[in-house]
Amino acid sequence: MSLSTTDIKAKIRDFIVENFLFGSADELADDTSFLDGGIIDSTGVLELVEFLEEEFSVTIDDEELIPENLDSINCVTAFLEKKL
Amino acid sequence: MTRNLEKLKICQRCILPETFPGITFDDQGVCNHCRREEKRAARAPGKKADYRHRLDDLIAEVRDQAPCYDAIMAYSGGKDSSYTMKLLKERYGLRILALTFDNHFISPASLENIARLTDQLDIDHLNFTIPWPVARDLFSCTATRDIFPAPTLLRASAICTACIGIVKSLVLKTALEMSIPLVAFGWSPGQAPIQSAIMKTNPTLTAKNQQAMKNAYPPELSRRLERYLIPAVYYDRYADRFPCNIHPLAFFDYDEEAIKKELEATGWRAPEDTDTNSSNCLLNAFANQCHLERHGFHPYVWEIANMVRQGVMDRDEGIEKIYTDQNANMVDYAREKLEL
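All values derive from a computational prediction rather than experimental measurement. Along each chain, residues carry numbers from 1 onward, in the same order as the chain's sequence is written. Each chain takes a letter, starting from A, and each ligand takes a number, starting from 1, following the order in which they are written. Restriction of local features to residues with pLDDT of at least 70 applies here, the model being predicted, together with a cutoff of 80 or more for giving and counting side-chain atom pairs; totals for whole chains, interfaces and linings are based on all residues. The side-chain numbers reported here are obtained from all heavy atoms of the structure, hydrogens and water having been left aside.

Engineer: I keep staring at the overall build of chain B and nothing clicks. Help me out?
Structural biologist: Comment: elements are numbered from the N terminus, with helices defined as DSSP H or I runs of at least four residues and strands as E runs of at least two. Each helix and strand counted, chain B has 14 helices and six strands in total. Here the radius of gyration uses the C-alpha set of atoms, whereas the globule reference equals 2.2 Å times the residue count to the power 0.38. The C-alpha radius of gyration computed for chain B amounts to 20 Å, which stays within 12% of the reference 20 Å derived for 340 residues, consistent with globular compactness. Across its three principal directions, the C-alpha atoms of chain B cover 60 × 50 × 40 Å. Exposed residues in this analysis have more than 50% of their type's maximum accessible area, buried residues have under 20%, and partly exposed residues fall in between, with area computed by a 1.4 Å probe over protein chains only. A burial count over chain B gives 57% of its 340 residues as buried. Computed with the Shrake-Rupley method and a 1.4 Å probe, the accessible areas treat only the protein chains shown as cover for residues. When the accessible area of chain B is evaluated, it comes to approximately 14,500 Å², of which 48% is carbon and sulfur surface. Just so you know, the count uses Lys and Arg for positive and Asp and Glu for negative, and it drops His and the chain ends. Lysine's charge is taken at NZ, arginine's at CZ, aspartate's at CG and glutamate's at CD. Seen as two clouds, the 42 positive and the 45 negative side-chain charges of chain B have centres 5 Å apart.

Engineer: Help me understand the overall build of chain A, please; the structure alone is not making it clear to me.
Structural biologist: Helices and strands together make up the secondary structure of chain A, namely four helices and zero strands. For 84 residues, the compact-globule estimate of 2.2 N^0.38 gives 12 Å, and the C-alpha radius of gyration of chain A, at 12 Å, lies within 12% of that figure. Projecting the C-alpha coordinates of chain A onto the three principal axes gives extents of approximately 30 × 25 × 20 Å. Classification of the 84 residues of chain A by burial places 52% in the buried group. A separation of at least 24 residues holds for 52% of the contacts in chain A among residues at least 6 apart in sequence. In what follows, a contact means two residues having at least one pair of non-hydrogen atoms within 4.5 Å.

Engineer: Could you clarify how one ought to interpret the pairing of strand β1 (residues 71-74) of chain B in this entry?
Structural biologist: Remember that side chains alternate between the two faces of the sheet whenever the strand is regular. All names here are of chain B. Covered by surrounding structure in β1 are Ala71 and Met73 together with Ile72 and Ala74, the residues of both alternating faces. Relative to strand β2 (residues 96-102), β1 runs parallel, the two being bridged by four bridges. Looking across to β2, one finds that Ala71 is bridged to Ile96. Should DSSP find at least two bridges between two strands, the strands are regarded as paired. Across three bridges, β1 lies against strand β4 (residues 182-184) in parallel orientation. If you follow Ala71 over to β4, its bridge partner there is Leu182.

Engineer: It is not clear to me how the pairing of β2(B) should be interpreted in this structure. Could you clarify?
Structural biologist: Residues and elements named next belong to chain B. The element β2 is extensively covered by neighbouring structure, given that seven of its seven residues are classed as buried. Across the two faces of β2 the burial is the same, with Ile96, Ala98, Thr100 and Asp102 and Leu97, Leu99 and Phe101 all buried. In terms of handedness, the path from β1 via helix α3 (residues 79-92) over to β2 forms a crossover that is right-handed. Pairing geometry for β2 and strand β3 (residues 124-129), over six bridges, is parallel. Each residue of the ladder has a partner; that of Leu99, found in β3, is Leu126. Viewed with both strands pointing away, a crossover whose connecting path from the first strand over the helix to the second turns clockwise is right-handed. Following the backbone out of β2, through helix α4 (residues 108-120) and into the adjacent parallel β3, one traces a crossover that is right-handed.

Engineer: Would you mind showing me how to read the pattern of salt bridges here?
Structural biologist: Once the charged atoms of two side chains with opposite charge are near each other, the side chains can pair. The term salt bridge refers to a side-chain nitrogen of Lys or Arg lying within 4 Å of a carboxyl oxygen of Asp or Glu. Under the defined criterion, the tally for this structure stands at 27 salt bridges over all chains. A salt bridge links Arg13(A) to Asp30(A), with the shortest nitrogen-to-oxygen separation between them at 3.1 Å. Here Asp30(A) lies in the loop between α1 (5-19) and α2 (44-56) and Arg13(A) lies in helix α1, a separation of 17 residues in the sequence. With a relative accessible area of 26%, Asp30(A) lands in the partly exposed category. Among the salt bridges present, the one from Lys208(B) reaches Asp36(A), with a minimum N-O distance of 3.5 Å. With Lys208(B) in helix α7 (residues 203-216) and Asp36(A) in the loop between α1 and α2, this residue pair bridges two chains. Looking at Lys208(B), the relative accessible area reads 24%, which means it is partly exposed. Beyond isolated ion pairs, a larger network of salt bridges with shared partners links Arg13(B), Asp26(B), Arg35(B) and Glu38(B).

Engineer: Quick question: what am I supposed to make of the environment of Asn32(B) here?
Structural biologist: Residue and element names in this part refer to chain B. Note on placement: Asn32 falls in helix α1 (residues 32-41). Given the relative accessible area of 24%, Asn32 is considered partly exposed. For the pair Asn32 and Gly22, spaced 10 residues apart in the sequence, the C-alpha separation amounts to 9.1 Å. If sequence neighbours within four positions are ignored, Asn32 has contacts with Gly22, Ile23 and Thr24.

Engineer: Got a minute to help me understand empty space enclosed by the protein in this structure?
Structural biologist: Rolled over the atoms, a probe with the dimensions of a water molecule shows which regions are left empty. Residues and elements named next belong to chain B. Only protein atoms enter the 1 Å grid used here, on which a cavity is any set of points holding a 1.4 Å probe that cannot leave and a pocket is any open set flanked by protein within 12 Å on both sides along at least five of seven lines; residues with an atom within 4 Å of a point are listed as lining. Grid points are joined across faces, edges and corners, and a volume is the space filled by probe spheres set on the points. Taken as a whole, this structure holds three cavities of 30 Å³ or more when the rule is applied. Lining the largest cavity, in full, are Thr142, Ala143, Asp146, Leu153, Ser157, Ala158, Ile159, Ala287, Cys290, His291, Arg294 and His295. Contributing elements (two or more residues each) for the lining of the largest cavity: α5 (132-144), α6 (158-178) and α11 (284-295). Top element by residues in the lining of the largest cavity is α11. It accounts for five residues. Of the voids in this model, the second largest cavity is the one considered here, and its volume is about 40 Å³.

Engineer: I tried to follow unusual backbone geometry on my own but got confused; where do I start?
Structural biologist: In most cases, non-glycine residues show a negative phi, while peptide bonds are predominantly trans. Not every positive phi belongs to a glycine, and His104(B) is a case in point at roughly 75 degrees. Note that His104(B) resides in the loop between β2 and α4.

Engineer: Can you walk me through the packing of aromatic side chains in this structure?
Structural biologist: Aromatic ring pairs are reported here in terms of the distance separating the ring centres and the angle at which the planes meet. Residues and elements named next belong to chain B. Each pair of aromatic rings taken from Phe, Tyr and Trp, with Trp reduced to its six-membered ring, is defined by centres within 6.5 Å and is described as stacked if the planes are under 30 degrees apart, edge-to-face if over 60, and tilted in the remaining cases. Scanning the entire structure with this criterion turns up 15 aromatic pairs over all chains. The interplanar angle of 90 degrees and the centroid separation of 5.9 Å between the aromatic rings of Phe128 and Tyr228 together place this pair among those described as edge-to-face. Of this pair, Phe128 sits in strand β3 while Tyr228 sits in the loop between α8 (219-225) and α9 (234-237); the two residues are 100 residues apart in sequence, bridging distant segments of the chain. Here Tyr228 falls in the buried class, since its relative accessible area comes to 3%. Look at Tyr235 and Phe242: their rings are 6.2 Å apart centre to centre, the planes differ by 20 degrees, and that puts the pair in the stacked class. This pair shows no difference in class: Tyr235 is buried, exactly as Phe242 is. Sitting over a ring, as applied to charges here, requires NZ of Lys or CZ of Arg to be within 6 Å of the ring centre and within 35 degrees of the ring normal. Across the ring face of Phe252, the terminal group of Arg52 is positioned such that the distance to the ring centre comes to 5.9 Å.

Engineer: Looking at this model, I keep getting lost on the environment of Glu272(B). Mind explaining?
Structural biologist: All names here are of chain B. Tracing the sequence through the fold places Glu272 in the loop between α10 (256-264) and α11. Residue class for Glu272 comes out exposed when judged on its relative accessible area of 80%. Counting along the chain gives 163 residues from Glu272 to Ala109, while the straight-line C-alpha distance between them is 7.9 Å.

Geometric descriptors of this kind do not, in isolation, establish any biological role.
This is the structure we're talking about:
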């Protein structure tokens, strides 16, 4: 069963809120930059990558670890939709 | 002296307080983070074993390949980085370069520990000191102004965030310049999760992260700090040298008392001149106090709550660490030194 964009966004949002905002979602819009907003740092990106690989059964290569793919809920969703 | 916990609701299982952003409690007084952790706990042992294998494989791949050093250790002289360095040296036989960022607040006892352990383990050591006016202005700024985004401050005080930001930059910069394949940190199991315990660094993400840090500071201070960050030309020049970050304490057995005992056998001594959450820094108590006053929760509470939840720290010990008043003399010492 394929996931809708809304479903993907919701899963990513839940992960970010639980793991990096510790349950407080006030400052997280779909286009909020994770890095500029201090939500995750370059280390935290790896936690996100592991989650994406496990949750969506995708493999993410080192060269794909760029802000364009991983720096906001919208970026991650678009990146995942290309891979799924 | 512990603060009056009768007036503050804290989780019955870990130690997170009701003042922690986003926290909720169920009818048994257990917080949402503890409930979430229940699902993960079952998978933890297998994951730790997996990460130990991954580190074994990584080290087998890189050891003795670089010109001079296999790993650079971000070395504060505290117990966690001392133990990590000892582990990497004795278990893996790595050629290590230790780098200490002297922020002008390293305790004298810690400086002795640094010298003793690097001598004992036959490890080369770089001490990097920035001019006092720069350090003073950096810590004064972060103590008095809200310059970092709120999410950053859930895990650490603003002063620690500023200091660690420079440490991370310095070790990465040195690793790039000296072609060192591993950058080691002594993050405790509560400080950084296992998922990021072995991580290949990456030029574009690092650049974005460094830019975010530069943007956080007032322009004049940012300009003065620039030389401690990664120069723009390095991202292309050393693109193939970006190292792996490792923090092994996330997946090796962790017991504070056992670690101290093992270190003490080498001559390392637990400093008596630091606060309960640091074994090297005389600025930490002041940093904690500023954070408590401005945000209403202790900056170490997330880390210590994680350790209680993971069973690597006793809950009473966690409460003692977090809900004991900051030592007033230490707070005053730093405040006066910073001229605040």
